[in-house]
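Read off the chains here:
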Amino acid sequence: MIPFSILDLSPIGEGENASKALENSRRMAIKAEEHGYERIWLAEHHGMPGIASAATSLVIAHVGAATSRIRVGSGGIMLPNHSPLVIAEQFGTLAALLPGRVDLGLGRAPGTDMRTARALRRNLDAGAENFPHDIVELQRYLGEPEPDQAILAVPGMNSHVPIFLLGSSVYSAHLAAAFGLPYSFASHFAPDMLMDAIAIYRERFQPSATLQKPYVMVGVMGVGADTDEEAEYLFTSAQQQFVNLRKNVRTQFPKPVESMDGHWSDMERITVDHTLRYATVGSHATIERKLADFLSDTGADELIISMPIHSIEKRLRSVEVFSEVRGGLKIAA
């Protein structure tokens, strides 16, 4: 069976707070482990009232401490926001606390607006331009130190924390292929370049010390429920959130609504539907049909699912539904 994983943003639901959101992430991780998911990743975002995972490594430690087998990590750390040494120390520490279970997914975007990004105290232009060099530097800190290496990451050195490259464009595909790293494409919010990026990555992949053949993860928004109607109702939270993002309106993660009429214009509906066109929303049968087609088209090695659901109880039920689907999924070659 193809591995299923979860991407969690620790959503702060409307009417809730960060403490509740982080407790919900803990419960999600426990449920995902119980149902055989491969990994649960947290995403770095800043300055967003609806997301509690800004201090990503701390939240990874939080969910890791609540579990014992599932892999935990970042989806991703936005490397231009940080020095490679700091990330090596953070993830080296995580690897020491959670041996053999930590992943380091890396992205190039700031994960926030430009003003907040500047407040993170990195040269943004240089950070993005230096991304490939920062990856090499980070790999050096996490690997076996050279005899004359002046700067050491402690913890970090000799940890060999697996690095994944994340992306939403063909740039990241070229980079992951050149470095021989596993590649995760953000098709859950950036669908347009999915097929081109996967093709480039596979065609240009160079085997490395850590990976001998291409490994592709693809992301989807997922809302599983007992009926299609319930799932579509729950999904209105994500639709409202994307409308708000387009308007630069920063709010807590919205409660679902009975209808999106009055919550978006025709143009906003078209834009959001396009952005979320790979969203997998529905009952067991609907999800199974949609995923079989999507995974057959992409030939992905792993699926990572973001579950934008306001109610934690409904979110946990969605984890169960996708696990049930995975058990009987038939993917055409």
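Scroll up for the structure.
This section reports on the structure supplied with the text. (Residues numbered from 1 in each chain as written. Predicted model: local features only at pLDDT ≥ 70, side-chain atom pairs only at ≥ 80, totals over all residues. Heavy atoms only, no water.)

1. Looking at the nonpolar core
Now for step 1: Counting 85 residues, the largest nonpolar core has Phe 4, Tyr 37, Leu 104 and Leu 106 as its most contacted members.
Now for step 2: Sequence-distant contacts of Phe 4, defined by excluding residues within four places in its chain, comprise Tyr 37, Glu 38, Arg 39, Leu 291, Leu 295, Leu 303, Ile 305, Phe 322, Arg 326 and Leu 329. (Core = buried A, V, L, I, M, F, W, Y, C linked by side-chain atoms within 4.5 Å. Buried < 20%, exposed > 50% of the residue type's maximum accessible area, 1.4 Å probe, protein only. Contact = heavy atoms within 4.5 Å.)

2. Things to note about the packing of aromatic side chains
Now for step 1: Across all of its chains, the model carries five aromatic pairs by this definition.
Now for step 2: Plain terms: the ring middles of Tyr 201 and Phe 205 are 5.7 Å apart, the flat faces sit at 75° to each other, and that makes the pair edge-to-face.
Now for step 3: The class of Tyr 201 is buried, set by a relative accessible area of 0%.
Now for step 4: Judged by its relative accessible area of 9%, Phe 205 is buried.
Now for step 5: Between the aromatic rings of Tyr 278 and Phe 294, the centroid separation amounts to 5.0 Å while the plane-to-plane angle is 50°, which identifies the pairing as tilted. Taken together, the positions of Tyr 278 in the loop between helix H10 (266-275) and strand E8 (280-282) and Phe 294 in helix H11 (residues 284-298) put the pair 16 residues apart, joining distant regions of the chain. In terms of burial, Tyr 278 and Phe 294 fall into one category: buried.
Now for step 6: By the ring-pair criterion, three or more aromatic residues cluster together here, those being Tyr 183, Phe 185, Tyr 201 and Phe 205. (Phe/Tyr/Trp six-rings, centres within 6.5 Å; stacked < 30°, edge-to-face > 60°. Helix = DSSP H or I, 4+ residues; strand = E, 2+ residues; numbered from the N terminus.)

3. Quick notes on the packing of H11 against helix H12 (residues 312-328)
Between two packed helices, what matters for the description is the angle formed by their axes and the separation of those axes.
Now for step 1: Running from N to C, H11 and H12 point in directions that differ by 55°, and their axes come no closer than 9 Å. When the axis of H11 is compared with that of H12, the two are oblique. Every pair of crossing elements has a handedness; the one defined by H11 and H12 is right-handed. Together, His 284, Ile 287, Glu 288 and Leu 291 of H11 and Val 321, Phe 322, Glu 324, Val 325 and Gly 328 of H12 make up the contact between the two elements.
Now for step 2: In terms of residue class, the contact of H11 with H12 is built from five nonpolar, two polar and two charged. (Axes fitted to C-alpha atoms, helices over the stretch in contact; angles between N-to-C directions. Parallel < 35°, antiparallel > 145°, perpendicular 65-115°, else oblique. Left-handed = near helix turned anticlockwise from the far one by under 90°. Nonpolar A, V, L, I, M, F, W, Y, C, P; charged D, E, K, R; others polar.)

4. What about the environment of Ala 300?
Now for step 1: With respect to the helices, strands and loops of the structure, Ala 300 is situated in the loop between H11 and strand E9 (302-306).
Now for step 2: Of the residues examined, Ala 300 reaches a relative accessible area of 12% and is grouped as buried.
Now for step 3: Other than its neighbours up to four places away in sequence, Ala 300 contacts Ile 2, Arg 202, Val 216, Val 218 and Leu 295.

5. Structural notes on a nonpolar patch on the surface
Now for step 1: On the surface, a nonpolar cluster with roughly 240 Å² of combined accessible area is contributed by Leu 152, Val 154 and Met 157.
Now for step 2: Position of Val 154 among the secondary structure elements: in the loop between helix H6 (131-142) and strand E5 (163-167). (Patch = residues over 30% accessible without salt bridge, like charges linked within 9 Å, V, L, I, M, F, W, Y side chains within 5 Å. Areas by Shrake-Rupley, 256 points an atom, 1.4 Å probe, with all protein chains shown as cover. Salt bridge = Lys/Arg side-chain N within 4 Å of Asp/Glu carboxyl O.)

6. Here's the deal with the side chain of Gln 149
Now for step 1: Among the structural elements, Gln 149 can be located in the loop between H6 and E5.
Now for step 2: Here the side chain of Gln 149 touches Ile 151 through a polar contact of 3.0 Å, landing on its backbone oxygen.
Now for step 3: With near-sequence residues (within four places) excluded, Gln 149 lies in contact with Arg 140 and Tyr 141. (Polar contact = N/O pair within 3.5 Å; in protein donor to acceptor, adjacent residues only side chain to side chain.)

7. A closer look at the environment of Leu 22
Now for step 1: Within the secondary structure, Leu 22 is located in helix H1 (residues 18-34).
Now for step 2: With a relative accessible area of 25%, Leu 22 lands in the partly exposed category.
Now for step 3: Sequence separation between Leu 22 and Tyr 37 is 15 residues; the distance between their C-alpha atoms is 19 Å.
Now for step 4: Ignoring anything within four residues of it in the chain, the contact list for Leu 22 reads Ser 10, Ala 52, Val 59 and His 62.

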